Every structure is written in C-alpha cells, then in structure tokens.
Amino acid sequence: MRLYLSLLGILISSMSFAQEFQISGKVVDDTSNPLESATIYTEIPADSSLVSYTISEKNGSFLLKGNTEAKKLNLIISYNGYAPHQQVIEVKKNIALEDIQLKLMDNALDEVTLTATRAPITIKKDTLEFNANSFNTRQDANLEDLMKKLPGVEVDSDGNITVNGKPVSRILVNGKEFFGDDPKIATKNLPKEIIDKVQVTDTKTKSEEFTGKAGDADNKTINIELKEDKNKGYFSRLTAGGGTDDRYELSGIGNYFKDDLRVSVLASSNNINSSGFSFDEVFDMMGGNARSVRFNSNGSFSINGNGFGSSGGITKSETAGFNFVNEWENDMELSVDYFYGKNDTETRTRIERENILPDSRYFTNSESSSNLVNDSHRANLRYEVEFDTLTRLSISPRFNANIGFSSRNRLEETLDENKEIQNASVTDEMEDLASADFTNRIDFIKRFGGRGSYLQVDLDHSHSKQQNDNIIFSESVFSSGGTDQIEVQDQLIDQDEKENSFGIGVSKRSVLADKLFLDINYEFSTSRSRNTRNVFDAIDGDYSGFNELLSNDFEVESYKHTPNAGVNYEGEKWRISTELGLLSTTLKTDNFLEEVTFDNTYNNLFVDADVRYSLERSKSVSLGYSTNAEVPSVRQLQPVIDRTNPLNIVVGNPELQPTFNQRVNFNFRNFDFASRSGFFTYLYFNFTDNQVVATSSLDENFIRRTTYTNVDGVISGNLGGSYTKTFKKDARELRMRLRANAGYNHNVGFINAVKYNSDQYTLSPGIQLTYAIDDLFEINPGYTLNYNDIRYDINSGRDQSYVNHTLSLEATTYWPKNVVFGNDISYNEYGNVSPGFDNTSLLWNMSLGYQFLKEKATLKVKVYDLLNQNVDTRRLVGDDYIQDVNNLILQRYGMLSFTYKFSSFGGGKPEGRRGGNRIIRM
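A quick note: this is a predicted structure, and the numbers were derived from the prediction, not measured.

Cut-offs applied
- Residues numbered from 1 in each chain as written.
- Predicted model: local features only at pLDDT ≥ 70, side-chain atom pairs only at ≥ 80, totals over all residues.
- Heavy atoms only, no water.
- Helix = DSSP H or I, 4+ residues; strand = E, 2+ residues; numbered from the N terminus.
- Buried < 20%, exposed > 50% of the residue type's maximum accessible area, 1.4 Å probe, protein only.
- Contact = heavy atoms within 4.5 Å.
- Areas by Shrake-Rupley, 256 points an atom, 1.4 Å probe, with all protein chains shown as cover.
- Patch = residues over 30% accessible without salt bridge, like charges linked within 9 Å, V, L, I, M, F, W, Y side chains within 5 Å.
- Salt bridge = Lys/Arg side-chain N within 4 Å of Asp/Glu carboxyl O.
- Phe/Tyr/Trp six-rings, centres within 6.5 Å; stacked < 30°, edge-to-face > 60°.
- Lys NZ or Arg CZ within 6 Å of the ring centre and 35° of its normal.
- Pairing = 2+ DSSP bridges.
- Axes fitted to C-alpha atoms, helices over the stretch in contact; angles between N-to-C directions.
- Core = buried A, V, L, I, M, F, W, Y, C linked by side-chain atoms within 4.5 Å.
- pLDDT = per-residue confidence, 0-100.
- Polar contact = N/O pair within 3.5 Å; in protein donor to acceptor, adjacent residues only side chain to side chain.

**Looking at the overall build of the protein chain**
(1) Moving on: Helix and strand counts for the protein chain stand at five helices and 53 strands.
(2) Moving on: Split into buried and exposed, the 922 residues of the protein chain put 48% on the buried side.
(3) Moving on: Counted over contacts in the protein chain with a minimum sequence separation of 6, partners at least 24 positions apart contribute 64%.
(4) Moving on: For the protein chain, the accessible surface area stands at approximately 42600 Å², while carbon and sulfur atoms represent 52% of it.

**Structural notes on a nonpolar patch on the surface**
(1) Moving on: Judged by side-chain polarity, L623, Y625, V664, F666, L683, F685, F687 and L719 come together as a nonpolar surface patch covering roughly 640 Å² of accessible area.
(2) Moving on: Elements supplying a minimum of two residues to the nonpolar patch: β35 (619-630), β38 (659-672) and β39 (677-689).
(3) Moving on: Residue position: L719 is located in strand β42 (residues 714-729).
(4) Moving on: On the basis of relative accessible area, L719 is assigned to the partly exposed category, the value being 47%.

**Details of the pattern of salt bridges**
(1) Moving on: Evaluation of the coordinates by the stated rule reveals 30 salt bridges.
(2) Moving on: Of the charged contacts, one joins E144 and K148 as a salt bridge, the two residues approaching to 3.8 Å between their closest N and O atoms.
(3) Moving on: Its salt-bridge partner being R791, residue D799 comes within 3.7 Å of it at the nearest N-O pair.
(4) Moving on: You can call R791 partly exposed: its relative accessible area is 40%.

**Describing the packing of aromatic side chains**
(1) Moving on: Within the structure shown, the criterion is met by 18 aromatic pairs.
(2) Moving on: Note on F235 and F257: the rings are 5.8 Å apart at their centroids and 10 degrees apart in plane angle, and the pair reads as stacked. With F235 in strand β18 (residues 232-243) and F257 in strand β19 (residues 248-258), this pair connects stretches of sequence that are 22 residues apart.
(3) Moving on: Geometrically, the ring pair formed by Y850 and F852 is stacked, given 5.7 Å between the ring centres and 15 degrees between the ring planes.
(4) Moving on: Among the aromatic residues, those joined into a ring-pair cluster are Y53, F130 and F135.
(5) Moving on: The aromatic ring of Y684 is capped on one face by R663, whose charged end is 4.3 Å from the ring centroid.

**Considering the sheet that holds strand β2 (residues 39-43)**
(1) Moving on: The strand order across the open sheet formed by four strands is β3-β2-β5-β6, and the pairing between neighbours is antiparallel. Of all the strands in the sheet, the pair left with one neighbour each is β3 (50-55) and β6 (85-90). Taking each pair of neighbouring strands and ignoring which way they run, the sheet shows an average axis angle of 20 degrees.
(2) Moving on: Here β2 runs beside β3; their pairing, made up of five bridges, is antiparallel.

**Thoughts on the environment of G713**
(1) Moving on: Mapped onto the elements, G713 comes out in the loop between β41 (704-711) and β42.
(2) Moving on: Take G713: its relative accessible area is 29%, and that puts it in the partly exposed class.
(3) Moving on: Discounting residues that sit within four places of it in the chain, G713 has contacts with T688, D689, H746 and V748.

**A look at the pairing of strand β40 (residues 691-698)**
(1) Moving on: Relative to β41, β40 is paired through eight bridges, and the arrangement is antiparallel. The residue bridging T695 from the neighbouring strand is T707, located in β41.
(2) Moving on: Here β40 folds back onto β41 in antiparallel fashion, the turn holding five residues, of which F702 has a positive phi close to 60 degrees.

**Considering the pairing of strand β44 (residues 754-773)**
(1) Moving on: The pairing of strand β43 (residues 732-751) with β44 spans 20 bridges and is classified as antiparallel. Across the sheet, A742 pairs through a bridge with L763, a residue of β44.
(2) Moving on: Taking the residues that link successive antiparallel strands as the turn, the β43-β44 hairpin has two residues, and the phi of N752 there is positive, at about 55 degrees.
(3) Moving on: Between β44 and strand β45 (residues 777-792), which pair antiparallel and follow one another directly, the connecting turn spans three residues, one of which, D775, has a positive phi of 65 degrees.

**Digging into the nonpolar core**
(1) Moving on: Counting residues in hydrophobic clusters, the biggest one holds 41 residues, and the most contacted among them are M147, V198 and I222.
(2) Moving on: With residues up to four places along the chain from it excluded, the contact list for I222 reads M147, I161, V163, V168, R170, I171, L172, V198, Q199 and V200.
(3) Moving on: L75, Y82, V91 and I100 belong to the second largest nonpolar core, which has 21 residues in total.

**Considering unusual backbone geometry**
(1) Moving on: Cis peptide bonds are those with omega within 30 degrees of zero, and the linkage from W815 to P816 qualifies with 0 degrees.
(2) Moving on: Tracing the backbone shows P816 in the loop between β46 (800-813) and β47 (819-829).
(3) Moving on: Its identity is not glycine, yet N690 carries a phi of approximately 60 degrees, on the positive side.
(4) Moving on: Here N690 lies in the loop between β39 and β40.
(5) Moving on: A residue is classified by how much of its surface remains accessible, and N690, at 26% relative accessible area, is partly exposed.
(6) Moving on: In this structure, N868 is a non-glycine residue whose phi angle is positive, near 55 degrees.
(7) Moving on: With respect to the secondary-structure elements, N868 resides in the loop between β49 (857-864) and β50 (873-878).

**Brief notes about the environment of G720**
(1) Moving on: Relative to the helices and strands, G720 is located in strand β42.
(2) Moving on: Distance in space between the C-alpha atoms of G720 and P765 is 9.3 Å, their sequence separation being 45 residues.
(3) Moving on: In this structure G720 touches F680, T681, Y682, A740 and N741, once residues within four positions along its chain are discounted.

**Let's talk about the confidence of the model for the protein chain**
(1) Moving on: With 89% of its residues at a pLDDT of 70 or more, the protein chain has an overall mean of 84.
(2) Moving on: Residue range residues 108-116 is modelled with pLDDT below 50. Its contacts to residues more than four positions away, or to other chains, number 23 contacts.
(3) Moving on: Counted against residues more than four places away or in other chains, residues 285-311, with its pLDDT under 50, gives 116 contacts.

**Quick notes on the side chain of Q489**
(1) Moving on: Here Q489 is to be found in strand β29 (residues 483-513).
(2) Moving on: Of note is the side chain of Q489, whose polar atom sits 2.5 Å from the side chain of Q491.

**Description of the environment of N355**
(1) Moving on: Structurally, the position occupied by N355 is in strand β24 (residues 332-356).
(2) Moving on: The spacing of N355 and D880 is 525 residues in sequence and 5.9 Å in space, taken between C-alpha atoms.
(3) Moving on: Engagement of the side chain of N355 in a polar contact is seen with the side chain of R353, the distance being 2.9 Å.

As structure tokens, this is what we get:
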C-alpha cells in the first residue's frame with residue numbers, strides 16, 4: 001500500500017506545474033431567474049481543446065476549477081433553447097464574474113452570427129448527453145476508449161460499464177439495439193470517429209418508452225448518436241493470426257448504415273477461448289484476462305486464465321451471425337438477428353474435497369475429463385407498428401436450438417478420516433443431446449390522451465423440448481468389514497422433456513393527479529411439462545432390460561395468478577412506487593410409473609415499495625422494501641427416488657413450503673461535476689424464511705441419502721461504497737477509484753442430518769489508479785484485499801480466518817508513433833490454499849503492435865501468459881466441505897496477427913479530434 005501512496009503522490013505532483021484557476025458566477029435568464037444545469041466550460045483559443053467544465057446549481061451559481069499552461073481561455077456557457085454566451089478571460093487563481101444573462105434563441109434575428117463550440121456535456125430533463133468530440137482520445141479509439149474519458153463513467157477490466165455508480169444494462173445505436181443485447185459488441189467495435197453524442201438515460205422497456213412510464217432508475221441505457229455524415233456508409237474489421245502450439249484466430253465484422261437501415265455481419269474461428277469480437281487494441285482475443293481471480297461471498301476464490309467464473313478447458317469455436325434493423329416512414333420497425341455457433345471443448349478436472357461431519361470428517365478425490373461438441377442456432381425477430389400516435393403493436397418471436405455430443409469419464413474415491421479407501425468408482429459416459437425452444441410475445445398498448453393513462457395487454461407462448469440419449473458404464477467398489485463388494489452399472493438412459501406454456505397479462509394505468517397514477521395489473525400463466533426417463537440395463541450386450549426403479553414418467557401442470565395494484569408518483573424530484581399483490585401458484589403432478597401424485601396450492605402476499613429523492617441533478621437517495629415468494633422446484637417436491645448416482649441417492653419432499661424473502665435496500669449517489677468526484681454507497685439486507693436446503697445422511701458405506709426441508713432465519717447483508725476523483729491538466733489525466741465492501745451472511749443448514757448455524761464476515765477494500773498522457777501512455781495499477789472470517793456453532797475446528805491479496809498493473813504506450821506496446825500483469829497471494837496447490841501466482845500478458853497504411857492496418861505480436869504460470873485453481877468453501885479444484889486451461893502461447901480496417905462514409909468532410917465549431921444565427 002505504501003508503494004501505491006508513493007505512486008499517487010508522484011502522479012499528482014507531475015500535474016502541479018500548471019497554473020490553477022477557479023471561476024465563479026451565476027447563470028440567469030433574461031428575467032433574472034436562475035438556470036439550473038447550464039453547462040459552463042473553458043477552451044484553449046488556439047485549437048478549441050477542452051480544459052475544464054462544470055454544471056450550474058439549482059440557484060444558477062457555478063464554480064469552475066481547472067489548471068492549464070495557457071494564459072487566456074475562452075469561457076462558454078450553453079443552455080438548451082438559449083443562445084450561448086462566450087467571452088475571453090485571462091487565467092488567474094480566482095475569477096469572480098457578475099451574473100451572466102442568457103437570451104432565448106430567436107431564429108428570426110438572423111442578422112447576428114455567433115461562432116461557438118458545442119458544450120461537452122448537456123443535461124436535459126431525463127438525459128445526460130456527452131459531446132464525443134470534446135473528449136480527447138487516441139486516433140483509432142473505439143467506444144470503450146471514449147467511455148473511459150467521460151466524467152462519472154467507469155469501465156472495468158471485463159468491459160462492464162457504470163455511470164455515476166449505476167450499471168449500464170444495454171447500449172443502443174441511434175435508438176436501436178446493436179447486434180442483439182450484448183453491449184460489449186458495440187463498445188469494442190464502434191469507432192469513435194463516427195460517434196456524435198453519448199446519451200445516458202434510465203433503462204426503459206419498449207413499452208415504457210411508448211407509454212412514458214418511468215424506467216428503472218437503478219440501471220442505465222446508453223444511446224450512441226452517430227454523426228449525420230457518418231450514418232451513410234460502412235465500416236469493417238478483419239483479423240487473421242497464427243501462433244505457437246497450433247493456436248490461431250480469424251474474425252471479421254462489417255456494418256452498413258443508411259439512415260434508419262442498418263445491416264451487420266460477423267464471423268470468427270479460433271482455438272484460444274475467445275468470442276472473436278473484442279478487438280481490443282492491446283490484448284484482444286488472448287483467451288482471457290491475467291487478473292482472473294474471483295473472491296466469492298461464501299469465502300471461496302477462483303484463479304482462472306479464461307475469465308471470471310469460467311470452468312476451465314480449451315475451446316475451439318466458430319461463430320457467424322447477422323443483424324438487420326430498419327424503420328419505415330409509416331411507423332413500422334423490423335429487427336432480425338441470427339447467430340450460429342460451434343464449440344469443441346476439452347476439459348480435465350482434479351478435485352480434492354474434505355467433507356465435514358458434526359463429529360468427524362471424510363475425504364473424496366476425483367479426476368475427470370470430457371469432450372463436448374455442440375452446434376447452436378439462435379434467431380430473434382421483432383416487429384413493431386404504430387397505427388397512430390396512441391396505439392402500438394409489437395410481435396417478438398425467438399428460436400433457439402442446440403445439437404451436440406459429449407464423452408465423459410470420471411474416477412472417484414472416498415476415504416475415511418484415517419485416509420483409508422471406503423469406496424471407489426470409474427464412470428464412462430457418451431451422450432447425444434438435442435434441444436429446441438420457441439417463444440413468442442405479442443404486446444398491445446393503447447394510450448388515452450397525453451397525461452400517461454394507458455391499457456396494455458401481453459400474450460406469451462412458448463414451446464420447448466429436449467432429448468438426451470446417454471450410455472453410462474460405471475464400476476463401483478465398496479469396502480466393508482474387510483471385504484469388497486462390486487457394483488456394475490451399464491445402462492442406456494433415454495430422456496425426453498417437453499413443455500408448453502401460455503400467459504396473459506393486463507395492465508391499466510389511470511391518472512389520479514399530475515404525475516400521480518393508479519396501476520392495476522393481472523397476470524395469469526399456465527404450463528404443462530412432461531419428463532420421460534427410460535433406463536435400460538445391458539443384457540448380453542444389448543440394452544433391453546427396462547429398469548423400472550430408475551425410470552420415471554411424470555407430468556407437471558402449473559397455474560399462476562398474480563393480481564396486484566399500486567399507487568405511483570413519478571415527479572422530477574420524488575419518485576414513489578408501491579405495489580401490493582397476491583401470488584397464487586398451483587402445482588399438479590402425475591407419475592405414470594408409480595402411484596405418486598401431489599396437488600399443492602401456494603398463496604403468498606407480496607409487497608414492492610421504493611422511495612427515491614433527487615436532491616440535485618446528479619445526487620439522489622433511495623430506500624426500498626420488497627418481498628418475494630419462490631415455489632420449490634419439481635425435483636425438490638417430487639417424492640420419487642433418484643438413484644442415478646449410486647453414491648448419492650436423492651428423494652424429494654412434497655411437504656415443502658415456498659421460500660419467503662424480505663429485502664431492504666438503501667442507496668446514495670452523488671457526482672460533482674465541478675470537482676470531478678463521485679461518491680456512491682449502498683446497504684441491503686435479505687431476511688429469508690422457509691429456505692429450501694438439502695439434508696443428507698451418510699451410512700456405513702459412505703453412501704449419501706439426500707432429501708430437502710425448510711429452515712428459517714437465513715440472513716445476508718452488504719454495506720459498500722466507492723469514491724472516484726479525476727485530476728486533469730491539458731493532455732494529462734489522473735483517475736483514482738477507492739472502493740470497499742463489507743458483507744455478512746448467516747446460514748442455516750444440516751451436516752449429516754444435524755442442524756447447524758454459521759456466520760461469515762467479509763471485508764474487501766481496493767484501489768485502482770489510471771494515469772494517462774494523450775497519445776503517449778496509460779498505466780493502471782490496482783490492489784484488492786479480501787478478508788474472510790467464518791464461524792460455526794458445531795465442530796469449532798471448522799472455523800476459518802484468512803486474507804487474500806491481488807496486485808495488478810496494466811501499462812500501454814503509444815510512442816513512438818504508430819507503435820502500441822501493452823503489458824497486463826497480475827500478482828496473487830492466497831491465504832487459504834491447501835498443501836499441493838501454489839498460494840501465489842504471477843501472470844503476464846504482453847502485446848506489441850505496429851500501425852501502418854494510414855493506421856488502417858495493424859501487425860501485432862502478442863504473448864499470452866509470458867511466464868507460463870497461468871493456473872486455474874479454485875477453493876470452494878461450503879458449509880460442510882472444503883474443496884480444491886484444478887482445471888485444464890489455456891497456457892502460454894505466442895501469436896502474430898494482422899488486422900485491417902476499411903470504411904467509407906457519404907457526405908461531409910472528416911472531422912478533427914477536437915470539438916468543432918458551429919454557427920448559430922440569432
């Protein structure tokens with residue numbers, strides 16, 4: 001930590017040679033009323049490059065701080081609907097201005113011409129808008145590079161985006177989705193040069209956009225407005241590469257724009273565990289992130305070279321797809337996309353597991369390997385038509401299909417507390433699998449007037465089926481009393497699942513007063529599914545012996561009614577939503593092989609209430625309370641014995657009750673444009689009763705018998721926050737991000753049928769720095785600490801307390817010109833690794849690229865896992881076990897690749913990288 005503080009001091013001091021200044025004043029209209037959220041910014045007169053900016057407060061006052069080496073600056077003030085104000089100021093420490101009066105824009109007064117640059121940031125009623133040209137990036141930057149420059153916007157190492165502490169759930173281009181719902185395809189592939197504006201709004205569904213209903217304030221949507229002259233033409237990228245150990249990559253993506261028409265295609269093939277469409281200028285398609293270490297809420301961690309949460313393995317993948325979007329003048333819109341994928345994945349896994357009983361423990365070890373080949377198809381269509389300004393219809397069918405084959409083998413052994421073998425098994429499986437599902441949603445909305453009243457009707461239908469043919473051979477040895485008992489399982493398992501469902505929803509919103517609404521909703525859904533599992537034993541080499549004990553054939557019907565009502569207020573400052581309803585669920589099953597049926601109805605009240613208050617435009621506080629009931633799964637309810645795994649026999653419990661959850665959450669968010677700093681904090685607690693948990697008992701042969709029951713008193717909570725601060729001087733920028741999270745979990749469960757309680761406390765502080773000089777270099781050091789303390793009320797020797805550390809460093813240089821050199825280094829130290837597993841790792845990815853042919857072509861050499869220390873080790877800490885897992889993963893390789901970009905746009909001259917001037921006539 002001392003090293004990071006020293007580095008922070010050096011970086012800040014390197015920016016202290018410029019002259020600091022602050023400008024204060026007040027923005028009013030022509031009647032001296034204050035103007036809130038006016039944009040105030042300064043530029044260097046010579047090249048119109050942005051120096052600093054801020055937003056006026058509710059009373060119209062502002063304080064603009066910055067530092068620059070320039071002697072004079074242009075001060076510009078803009079506000080939507082008003083003529084901009086511009087004046088030249090001499091830079092000094094404190095500048096106090098008289099009230100600045102803006103005049104309404106009057107197009108009739110065209111004899112006066114004012115030349116001004118467009119504001120870098122504009123705040124409208126419900127939209128935060130950034131001018132892309134005001135934020136300097138390197139020449140070939142993409143959307144993600146631009147996002148990292150915007151105030152209040154954070155982009156993590158996985159490409160996830162937050163704006164003022166709120167996650168971004170989707171990205172639109174000119175109001176339309178870009179290649180489905182994956183925002184990373186847009187952020188990695190849209191070049192900055194074609195982007196005009198970046199607009200941030202609350203996430204809304206299509207229905208909410210049409211009705212004007214308030215969206216989800218806790219999630220954000222980003223809309224990318226393309227430059228008018230760049231909205232006609234195409235841009236594409238192609239990459240080809242080959243490397244050591246027969247590693248290769250091929251990929252391409254192309255986009256064609258013409259007003260409201262957009263066509264996109266993509267294709268890729270590689271064997272380096274990549275989707276093929278990251279196009280990161282430094283580390284693209286490297287098969288994972290060197291910093292892939294995850295600390296889980298239950299005290300476990302995973303170190304993985306293939307990305308957070310990956311299960312390891314090496315995959316050869318082939319992908320192709322297209323997307324078509326068009327909008328017609330008669331208010332019709334059509335969106336179609338199709339994706340094809342083929343994956344060939346090889347895995348190998350070693351597991352060492354310590355199983356903890358109330359008064360003893362035993363051990364299981366296993367080694368397994370598999371190969372899965374799968375072809376997938378996915379198609380989506382969305383058709384919308386507005387019959388008039390008040391009536392809208394949308395139809396959205398979707399189709400998914402998978403066809404695959406897998407082969408698996410597994411060796412497993414069980415040892416008692418003295419490490420003596422009690423049983424062992426060898427299993428080989430071959431499986432053919434096929435699945436398909438089709439869904440369709442029809443949405444009809446009729447609005448009444450312009451105040452927000454509407455009627456909405458939704459119809460949903462789905463059909464799915466899955467077929468599995470599995471040949472399984474296992475040989476198990478059980479040791480008891482000095483003798484061995486051998487059990488052989490040689491079977492064909494033919495399993496078919498089919499499900500049909502239908503749903504209808506009706507919503508009516510009535511206006512009670514200005515911005516006050518009464519919402520009445522009713523939803524009904526029903527589904528019928530049938531699961532047929534026929535098991536045949538091998539007889540004389542032929543699978544002809546029907547095994548009734550392991551087979552089942554049952555049908556499940558469900559009926560769900562959800563009436564609810566609520567009063568909602570959707571003001572600019574206050575937003576209050578309430579919802580009170582009934583969730584009634586009926587489950588019926590018929591077993592066609594055994595005389596076992598059940599018919600249960602579950603009724604639960606639910607509440608959902610939120611209060612949100614916006615103190616200022618970028619400062620808000622919210623408090624929420626909600627309840628939820630979750631019906632147990634059919635597997636947990638079905639009282640049928642499942643003997644698929646001879647070492648773990650499972651049977652359901654038809655007496656289970658629905659899980660009931662209560663959640664309380666608090667959020668506070670604030671971003672200060674004047675100081676470029678933001679503070680975000682959150683607190684939530686979940687209280688759960690009737691939690692469904694597994695309860696198991698072990699017999700003398702170490703065979704586990706499992707069923708399910710309900711427990712009360714499960715609690716989880718988190719308190720966390722983050723602070724961001726940006727220092728900027730001309731081309732130099734320093735960003736600091738501090739974060740911390742504290743968690744508490746109280747779990748209730750069973751260990752060998754004995755009830756227990758456990759308490760876990762976690763603390764995870766971290767710091768991330770970014771220091772950059774435009775067109776020269778960027779470095780990103782980071783540090784995370786993870787502390788865990790776990791206590792149990794039985795078997796006190798089971799208690800744990802440990803600390804894990806992660807240090808990371810990204811460094812990218814862009815000098816000399818057209819040369820990009822990148823390094824991604826991570827050092828990890830783990831405090832709870834068992835003997836036989838390394839407790840440290842040092843991972844290093846490196847890339848060196850050269851751009852030529854007017855920066856359209858890039859030749860790149862990259863090395864994945866330079867030190868050959870990449871590991872996939874995971875320690876999973878459960879309530880009754882400690883498990884260490886090691887997986888086969890991608891290891892060190894080098895690759896030479898070539899990327900070429902080509903584009904053509906109609907109309908207009910190419911714009912420079914700085915904010916361009918515009919002519920305003922008054």
